[in-house]
Amino acid sequence: MDAARVGVITFPGSLDDRDAARAVKLAGAEPVALWHADHELLGVDAVVLPGGFSYGDYLRAGAIARFAPIMTELIAAAKAGLPVLGICNGFQVLCESHLLPGALLPNAGLHFVCRDQRLRVDNAETSWTSDYREGQELVIPIKNVDGRYTADKQTIEELEAGGRVVARYLDLNPNGSLGDIAGITNEAGNVVGLMPHPEHAVESLTGPSTDGLGFFTSVVKRLVNA
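These lines cover the structure that appears in this document, whether it is placed above or below. (Residues numbered from 1 in each chain as written. Predicted model: local features only at pLDDT ≥ 70, side-chain atom pairs only at ≥ 80, totals over all residues. Heavy atoms only, no water.)

## With respect to the overall build of the chain
Spelled out, the test is: A helix here means a DSSP run of H or I that spans at least four residues, while a strand means a run of E at least two residues long, and both kinds are numbered starting from the N terminus. Between the two quantities, the radius of gyration covers C-alpha atoms and the globule rule is 2.2 Å times the number of residues to the power 0.38. Here the term buried applies to any residue with accessible area under 20% of the maximum for its type, exposed to any over 50%, and partly exposed to those in between, with areas from a 1.4 Å probe on protein chains only. By the counting rule applied here, Lys and Arg register as positive and Asp and Glu as negative, while His and the ends of each chain are not counted. One atom stands in for each charge, and that atom is NZ of Lys, CZ of Arg, CG of Asp or CD of Glu.
Along the chain, the regular secondary structure elements total five helices and 11 strands. For the chain, whose C-alpha radius of gyration is 16 Å, the value lies close to the compact-globule estimate of 17 Å for 226 residues. Counting only C-alpha atoms and orienting by the principal axes, one finds that the chain spans roughly 45 × 35 × 35 Å. For the chain, with 226 residues in total, the buried portion stands at 56%. Of the side chains in the chain, 18 bear a positive and 28 a negative charge, and the two mean positions are spaced by 2 Å.

Here it is as structure tokens:
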């Protein structure tokens, strides 16, 4: 097939949409700009919901953005198998959209956290992690104030039993997430939410590593070989 086309949705307040688009391009795909008020996905092969903020976050992160017109199309497409990656605020939007279970609460300590974070990949079989190996350790920046992943006991048990925890924090838990959870996936493995920012670790000039690029090359290879 021709180069995969990966959409990057911009909400009012998105900060990292251009960074995500650059990561997509470095991974060998064509980034396609999508606007939150659009009513179509323009035929893209995958979608990234970038980090930053989205309108209505002052009520609850992602709670209003979940009702953006483009989310109607995205929810249906994701349920049909479209690969979707939500980063930070994008993770929050995916949870609010019920594409992923649980919720992201204010950090333990109620402080904004910005640091280079060690992670471990626990699931290397999703559309967005297949270029890693299980147990691989990464260094990727995090920056969040509502990054504390939580869910009820049954949901956590289901995530753990189903191997749906994609990544965990190592050394320290920066925000109090249950089980040191840094990212999760849906049952099908096509929808992934991450609190760390892999798009900020794709070039040695600007990042602490290039460890984040694998999230983007994973989906590109999956699409090309589909």
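## Remarks on the pattern of salt bridges
Test applied: Salt bridges are defined by distance alone: a side-chain nitrogen of Lys or Arg within 4 Å of a carboxyl oxygen of Asp or Glu.
For the structure shown, the criterion picks out nine salt bridges. Arginine 118 is the partner of glutamate 137 in a salt bridge, and the nearest nitrogen-oxygen pair spans 2.2 Å. Taken together, the residues span a long stretch of sequence, with glutamate 137 in strand β7 (residues 137–144) and arginine 118 in strand β6 (residues 113–121) at a distance of 19 residues. By relative accessible area, arginine 118 is classed as partly exposed at 27%.

## Observations concerning the sheet that holds β6
Our working rule: Between any two strands, at least two bridges found by DSSP are needed for them to pair. With axes taken as lines fitted to C-alpha atoms, and helix axes fitted only over the stretch in contact, angles between N-to-C directions fall between 0 and 180 degrees. Whether two residues are in contact is decided by their heavy atoms, any of which lying within 4.5 Å being enough.
In spatial order, the strands read β2-β1-β3-β4-β11-β10-β9-β6-β7; together these nine strands make up an open sheet with mixed pairing. Strand pairing shows two members of the sheet lacking a second neighbour, β2 (30–35) and β7, which therefore form its edges. Along the sheet, successive strands turn relative to each other by an average axial angle of 25°, direction set aside. Bridge count between strand β1 (residues 5–10) and β2: six bridges; the pairing is parallel. What sits directly across from isoleucine 9, in β2, is leucine 34. Across the sheet, helix α1 (residues 17–26) is in contact with β1, β2 and β3 (46–49); its angle to β1 comes to roughly 175°. Sitting on the sheet, helix α3 (residues 89–96) is in contact with β3, β4 (84–87), β10 (181–185) and β11 (191–194), with an inclination near 120° to β4.

## Examining helix α2 (residues 69–79)
One full turn of an α-helix is made of 3.6 residues, so residues set three or four places apart face in the same direction. Residues of α2 that are buried: Ile70, Met71, Leu74, Ile75, Ala77 and Ala78. Against β1, β2, β3, β4, α3 and β11 lie the buried residues of α2. Count one or two residues on from α2 and you reach glycine 81, which has phi positive near 115°.

## Some remarks on the pairing of strand β9 (residues 165–169)
Within β9, five of the five residues are buried, which leaves the element mostly enclosed by the surrounding structure. Of the strand pairs in this sheet, β6 and β9 are connected by three bridges, and their pairing is antiparallel. Residue arginine 120 lies in a different strand from β9, and its bridge partner there is arginine 168. Two elements, β9 and β10, share three bridges in a ladder whose sense is antiparallel. Directly across from alanine 167, in β10, lies its bridge partner glycine 183.

## Observations concerning the side chain of aspartate 17
Tracing the backbone shows aspartate 17 in helix α1. No salt bridge is formed by the buried aspartate 17. Its closest oppositely charged neighbour is arginine 18, at 5.5 Å.

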